[in-house]
Amino acid sequence: MRHDVTLRVNGVVQEHTVWSRQLLVHHLRETLGLTGTHVGCDTSNCGACTVLLDGVAVKSCTVFTVAADGGEVLTVEGLAQDGELTPVQEGFRQCHGLQCGYCTPGMVVSATGLLLDRPDPTGEEIREGLEGNLCRCTGYQMIVESVRWAAEHGGPGAAAEAHRSRAEAGAP
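Structural notes, computed from the coordinates.

What counts and what doesn't
Residues numbered from 1 in each chain as written. Predicted model: local features only at pLDDT ≥ 70, side-chain atom pairs only at ≥ 80, totals over all residues. Heavy atoms only, no water. Pairing = 2+ DSSP bridges. Helix = DSSP H or I, 4+ residues; strand = E, 2+ residues; numbered from the N terminus. Axes fitted to C-alpha atoms, helices over the stretch in contact; angles between N-to-C directions. Contact = heavy atoms within 4.5 Å. Polar contact = N/O pair within 3.5 Å; in protein donor to acceptor, adjacent residues only side chain to side chain. Buried < 20%, exposed > 50% of the residue type's maximum accessible area, 1.4 Å probe, protein only. Core = buried A, V, L, I, M, F, W, Y, C linked by side-chain atoms within 4.5 Å. 1 Å grid on protein atoms, 1.4 Å probe; cavity = no way out; pocket = protein on both sides within 12 Å on 5 of 7 lines; lining within 4 Å. Points joined across faces, edges and corners; volume = space filled by probe spheres on them. Nonpolar A, V, L, I, M, F, W, Y, C, P; charged D, E, K, R; others polar.

## Side note on the sheet that holds strand β2 (residues 12-19)
Judged by pairing direction, the sheet is mixed, and its five strands sit side by side in the order β2-β1-β5-β3-β4 without closing on themselves. Edge strands, defined here as strands with exactly one partner in the open sheet, are β2 and β4 (56-59). Averaged over all adjacent pairs, the angle separating strand axes in this sheet is 40°, with direction ignored. Sheet analysis places strand β1 (residues 2-9) next to β2, joined by eight bridges and oriented antiparallel. Across the sheet, the residue bridging to arginine 8 is valine 13, located in β2. Across the face of the sheet, helix α3 (residues 104-117) comes into contact with β3 (50-53), β4 and β5 (72-74) while running at roughly 35° to β3.

What follows is the structure, encoded as structure tokens:
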């Protein structure tokens, strides 16, 4: 069965007809061409598909597109504005929080969600906030340092704060 859905993705209203069982990750990648949201495991264990949905970090491989109808979605592509990296993105660059880069979009979006909720997290809170994201390349310490750097240099970024405000206001 097919359904008409309306989502605001990275600030832009998108209207599409989707299959009932289409996962949000596939809608983002295949319909909208937002391939920064990665499919890593197909079992919701890795976190590579993490997006912000109505201000909350979720694994988009666990959400049906129809369930997100009317929602506000922010992907890694929507974080930077006018070519300027967010503090989280810059933190990953400054502190070498990435290796191969496959997990990075999910880590960055999860860290952004964490900083929306906790502007000044402790190291333990950062680890807890990222525990649903797996990285096969690092020992995670540089990722924690990247998030700490971001917290000290501006937090989640303007696009994430605007996303959260729209989600809280229930804006279409």
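Next comes the rest of the description.
## A short note on the side chain of glutamate 72
With respect to the helices and strands, glutamate 72 occurs in strand β5. At 3.4 Å, the side chain of glutamate 72 and the side chain of arginine 8 are in polar contact.

## A word on the side chain of serine 146
Here serine 146 is to be found in helix α5 (residues 141-152). On the basis of relative accessibility, which here comes to 0%, the residue serine 146 falls in the buried class. Among all residues touching serine 146, those that are not within four sequence positions of it are Gly91, Phe92, Cys95 and Gly97.

## Describing the nonpolar core
Counting 23 residues, the largest nonpolar core has Val88, Phe92, Met107, Leu130 and Val147 as its most contacted members. Only α2 (87-94), α3 and α5 provide two or more residues apiece to this core. Per-element tally for this core: the top contributor is α3, with seven residues. Not counting the four nearest positions on each side in its chain, leucine 130 is found in contact with Met107, Ser110, Ala111, Ile143 and Val147.

## Re the environment of leucine 114
Residue placement: leucine 114 occurs in helix α3. Distance in space between the C-alpha atoms of leucine 114 and glutamate 125 is 8.7 Å, their sequence separation being 11 residues. With near-sequence residues (within four places) excluded, leucine 114 lies in contact with Pro121, Glu125, Ile126, Gly129 and Val147.

## Points about the layout of surface pockets
Left-over empty space is what a probe sized like a water molecule reveals as it rolls over the atoms. Taken as a whole, the largest pocket encloses approximately 290 Å³ of empty space. As for the largest pocket, its lining consists of 17 residues, of which Cys46, Tyr102, Cys103, Leu134 and Arg136 are closest to the centre. In terms of residue class, the lining of the largest pocket is built from 10 nonpolar, six polar and one charged. Roughly 190 Å³ of volume is contained in the second largest pocket. Taken together, 14 residues form the lining of the second largest pocket, with Ala57, Ser110, Gly113, Leu114 and Gly129 sitting closest to its centre. Going through the elements one at a time, β4 and α3 are the ones with two or more residues in the lining of the second largest pocket. Taken together, the residues of the lining of the second largest pocket break down into four nonpolar, six polar and four charged.

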